[in-house]
Amino acid sequence: MQLENGWIVGVTRVVSPHCDRRPDDEPPSLLVIHNISLPPGEFGGPYIDQLFTGTLDPAQHPYFVEIHQLRVSAHCLIRRDGEMVQYVPFDQRAWHAGVSLYQGRERCNDFSIGIELEGTDQLPYTEAQYRTLQAVTALLAERYPPLVANIAGHCDIAPGRKTDPGPAFDWDRYLASLEQRGAPADAMLETRKRERNR
């Protein structure tokens, strides 16, 4: 994987209008992992792309009536088969976190990258998803070194409001894989693993 102007070279690109400039062009220093499925519990189809581009048709499913007017996005989606779709360049602010707090700092969108896994809180994520997530995390850690020590779930930055990526997400496996890939700041990863296991 390679980065070029904030985009990953060679991955599917679906440009979202739901983004803007980071305050003071601050580089990202937090990675937030989410999950999403549209309709809830169903996978595949065009609906996540449509939500993130503001083109979701409320007539397609009753659930969409509630959400079709949301202006939301993430930087990337990793589908069940491991395919990655990128919506927003990493140097821009995607609208993924909502009301949020990380280590005393509010408005996590300002300084974070949001990655969505196609899935639910309870259903195990796929081998292909872990491989892709590990690869993109290692890539981002090279470009934005502080990020590797600051990895959180949506549930961590919006507790009581959000639960994703849920208990189905294997944090130990994910963090250990970053060490195996030689991501920087291995000591920080050890600290992060200890925090996750508290």
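- Named according to an unreviewed UniProt entry, the protein chain is 1,6-anhydro-N-acetylmuramyl-L-alanine amidase AmpD originating from Serratia montpellierensis.
- Quoted verbatim from the Sequence similarities (unreviewed entry) field of the UniProt record, the comment on the protein chain reads "Belongs to the N-acetylmuramoyl-L-alanine amidase 2 family."

**Overview of the pairing of strand β5 (residues 30-36)**
At step 1: In terms of burial, β5 is a largely internal element, 7 of the 7 residues being buried.
At step 2: In terms of strand pairing, β5 meets strand β11 (residues 112-118) through 7 bridges, oriented parallel. By the bridge assignment, L30 is partnered in β11 with S112.
At step 3: Across 3 bridges, β5 lies against strand β12 (residues 151-153) in parallel orientation. Among the inter-strand pairings, V32 is bridged to a residue of β12, identified as A152.

**Some words on the nonpolar core**
At step 1: I115, L133, L140, F169 and Y174 are the most contacted members of the largest nonpolar core, which has 25 residues in total.
At step 2: When contributions to this core are tallied by element, the ones reaching two or more residues are β5, β6 (76-78), β11, α3 (127-143) and α5 (171-180).
At step 3: Sorting elements by how many residues they give to this core places α3 first, with 5 residues.
At step 4: When sequence neighbours within four positions are dropped, the list of residues in contact with L140 reads L31, F90, I113, I115 and L147.
At step 5: Listed in part, the 15 residues of the second largest apolar core include F52, F64, I67 and A94.

**Describing the sheet that holds β12**
At step 1: Reading across from one edge, β3-β7-β6-β11-β5-β12 is the order of the 6 strands in this open sheet, with mixed pairing throughout. Edge positions in the sheet fall to β3 (12-13) and β12, since each has one partner strand and no second.
At step 2: Contacting β5, β6, β7 (84-86), β11 and β12, α3 crosses the sheet at an angle of about 170° to β11.

**Thoughts on the packing of aromatic side chains**
At step 1: Tallied over the full model, the rule gives 7 aromatic pairs.
At step 2: With 4.9 Å between their ring centres and 55° between their planes, Y47 and F64 make a pair best called tilted. Taken together, the residues span a long stretch of sequence, with Y47 in helix α1 (residues 47-53) and F64 in helix α2 (residues 64-67) at a distance of 17 residues.
At step 3: Residue classification places F64 among the buried residues on the basis of a relative accessible area of 0%.
At step 4: Arranged with centres 4.8 Å apart and planes meeting at 80°, the rings of F169 and W171 form a pair that is edge-to-face. Both residues of the pair, F169 and W171, count as buried.
At step 5: Through successive ring pairs, a cluster of aromatic residues spans Y125, Y130, F169, W171 and Y174.
At step 6: Its guanidinium or amino end placed over the ring of F43, R80 lies 4.6 Å from that ring's centre, counting from NZ or CZ.

Criteria and cut-off values
Residues numbered from 1 in each chain as written. Predicted model: local features only at pLDDT ≥ 70, side-chain atom pairs only at ≥ 80, totals over all residues. Heavy atoms only, no water. UniProt positions renumbered as here; feature names shortened; annotations may be inferred. Buried < 20%, exposed > 50% of the residue type's maximum accessible area, 1.4 Å probe, protein only. Helix = DSSP H or I, 4+ residues; strand = E, 2+ residues; numbered from the N terminus. Pairing = 2+ DSSP bridges. Core = buried A, V, L, I, M, F, W, Y, C linked by side-chain atoms within 4.5 Å. Contact = heavy atoms within 4.5 Å. Axes fitted to C-alpha atoms, helices over the stretch in contact; angles between N-to-C directions. Phe/Tyr/Trp six-rings, centres within 6.5 Å; stacked < 30°, edge-to-face > 60°. Lys NZ or Arg CZ within 6 Å of the ring centre and 35° of its normal.

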